[in-house]
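The chain contents come next:
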Amino acid sequence: IAYAIYDYINYTGDQQYLAEYGLEVLIGIARFWAQRFHFSQAKNQYVMHGVTGPNEYENNVNNNWYTSYIAKWCLNYCAEMLEWLKNEDISRYKEILKKTFFDENVELKFWKELTSNIYFPFDEERGVFLQQDGFLDKELKPANALESSERPLNQKWSWDRILRSCFIKQADVLQGIYFFEDHFDSDTIKRNFDFYEPMTVHESSLSPCVHSILAAGLGYEEKAYDMYLRTSRLDLDDYNNDACDGLHITSMAGTWMSVVKGFGGMRVKDGLLNFKPMLPAKWLSYQFKIKFRGNSLSV
């Protein structure tokens, strides 16, 4: 939700939304994350235990990289936006502080101490962020080693077996990299993609589009297109044997995202539209329409 507020403001330029609505929500979310970490004497860092990250085939893990990373970002973003409003509209700033009982001297000081000393699991040998503590203790093998008769896992395996396996239901570490791709160089993104995507079974409608977009950015044209088909045809081909439950609106949104953000490479940077297009080998062309800051554009 915090990222959605940021994403909306970044796309529309509607900074006033922050003052009127968004900042109060950010404070609530940031406060939740601030109390969710605890200090580890052994690591001499702040850690987060007993969480479930984006990968729904894991639960009650310690130090899920994605969760800790987006929590840190949320705390820093909230602090930055508080400073922005303080300089922009001091009366509204004081009004929000009073309404939320926010003690800037105490809370902001703690947030700064916390975010500067969070533990993130990392594998030095592979140069990848670890999904959570102990991930490398699993038997690591690619999803294509599974027999088709074993898929989808949640309909064929016991939960005990799923939880012990390395297989990832949907983007987890890669979800964080998708959100914050500007924080990482291309080599880091490539290493993490090459490590995690082969173990991902994509048994969630949330997964293929994220991988399609990242693959397109890396120049993995075939993988980007395969993942586009996976999200666009999820219900048509009933990949996960669950179309009887209803249509997946997320995969429909993911289809649009795969074309616009993936093949079109559309991003908003410093208030400006940017494109880094690629053309799938099986297509002659593609086009889409967007509305950006009051202007209707055909691309």
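For the structure, check the block above.
Now for a description of the structure that goes with this document. (Residues numbered from 1 in each chain as written. Predicted model: local features only at pLDDT ≥ 70, side-chain atom pairs only at ≥ 80, totals over all residues. Heavy atoms only, no water.)

## Considering the nonpolar core
Step number 1: Ranked by size, the top nonpolar core spans 81 residues in total, and within it Leu-23, Leu-26, Leu-82, Ile-177 and Tyr-196 carry the most contacts.
Step number 2: A total of 13 residues in this core trace back to one element, the largest contributor, which is helix H3 (residues 65–88).
Step number 3: If we ignore the near neighbours within four places in the chain, the residues touching Leu-26 are Ala-2, Ile-5, Leu-18, Tyr-77, Cys-78 and Met-81. (Core = buried A, V, L, I, M, F, W, Y, C linked by side-chain atoms within 4.5 Å. Buried < 20%, exposed > 50% of the residue type's maximum accessible area, 1.4 Å probe, protein only. Helix = DSSP H or I, 4+ residues; strand = E, 2+ residues; numbered from the N terminus. Contact = heavy atoms within 4.5 Å.)

## Concerning empty space enclosed by the protein
Step number 1: All told, the structure shown has one cavity of 30 Å³ or more when counted by the stated rule.
Step number 2: Space inside the largest cavity adds up to approximately 40 Å³.
Step number 3: Looking at the lining of the largest cavity residue by residue, the classes come out as five nonpolar, four polar and one charged. (1 Å grid on protein atoms, 1.4 Å probe; cavity = no way out; pocket = protein on both sides within 12 Å on 5 of 7 lines; lining within 4 Å. Points joined across faces, edges and corners; volume = space filled by probe spheres on them. Nonpolar A, V, L, I, M, F, W, Y, C, P; charged D, E, K, R; others polar.)

## Quick look at unusual backbone geometry
Step number 1: Omega for the peptide link from Arg-151 to Pro-152 comes to -10 degrees, which places this bond in the cis form.
Step number 2: Relative to the helices and strands, Pro-152 resides in the loop between strand E4 (128–129) and helix H6 (153–156).
Step number 3: Even without a glycine there, the phi angle at Phe-101 is positive, about 55 degrees.
Step number 4: Looking at the element boundaries, Phe-101 is found in the loop between helix H4 (90–100) and helix H5 (104–115).
Step number 5: With a phi close to 55 degrees, His-202 is a non-glycine residue in the positive phi region.
Step number 6: Note that His-202 resides in the loop between helix H9 (186–196) and helix H10 (208–218).
Step number 7: With relative accessibility at 4%, the residue His-202 sits in the buried group.

## Quick notes on the packing of aromatic side chains
Step number 1: What the rule picks out here adds up to 40 aromatic pairs.
Step number 2: It is Lys-43 that lies over the ring of Tyr-119; its NZ or CZ is 4.8 Å from the centre. (Phe/Tyr/Trp six-rings, centres within 6.5 Å; stacked < 30°, edge-to-face > 60°. Lys NZ or Arg CZ within 6 Å of the ring centre and 35° of its normal.)

## Re the state of the cysteines
Step number 1: Per the stated rule, a full pass over the model turns up zero disulfides.
Step number 2: The structure places no disulfide on Cys-78, whose sulfur is separated from the nearest cysteine sulfur, that of Cys-74, by 6.4 Å.
Step number 3: The exposure class assigned to Cys-78 is buried, which follows from its relative accessible area of 0%. (Disulfide = S-S within 2.5 Å.)

By themselves, these are just geometric observations and shouldn't be taken as functional.
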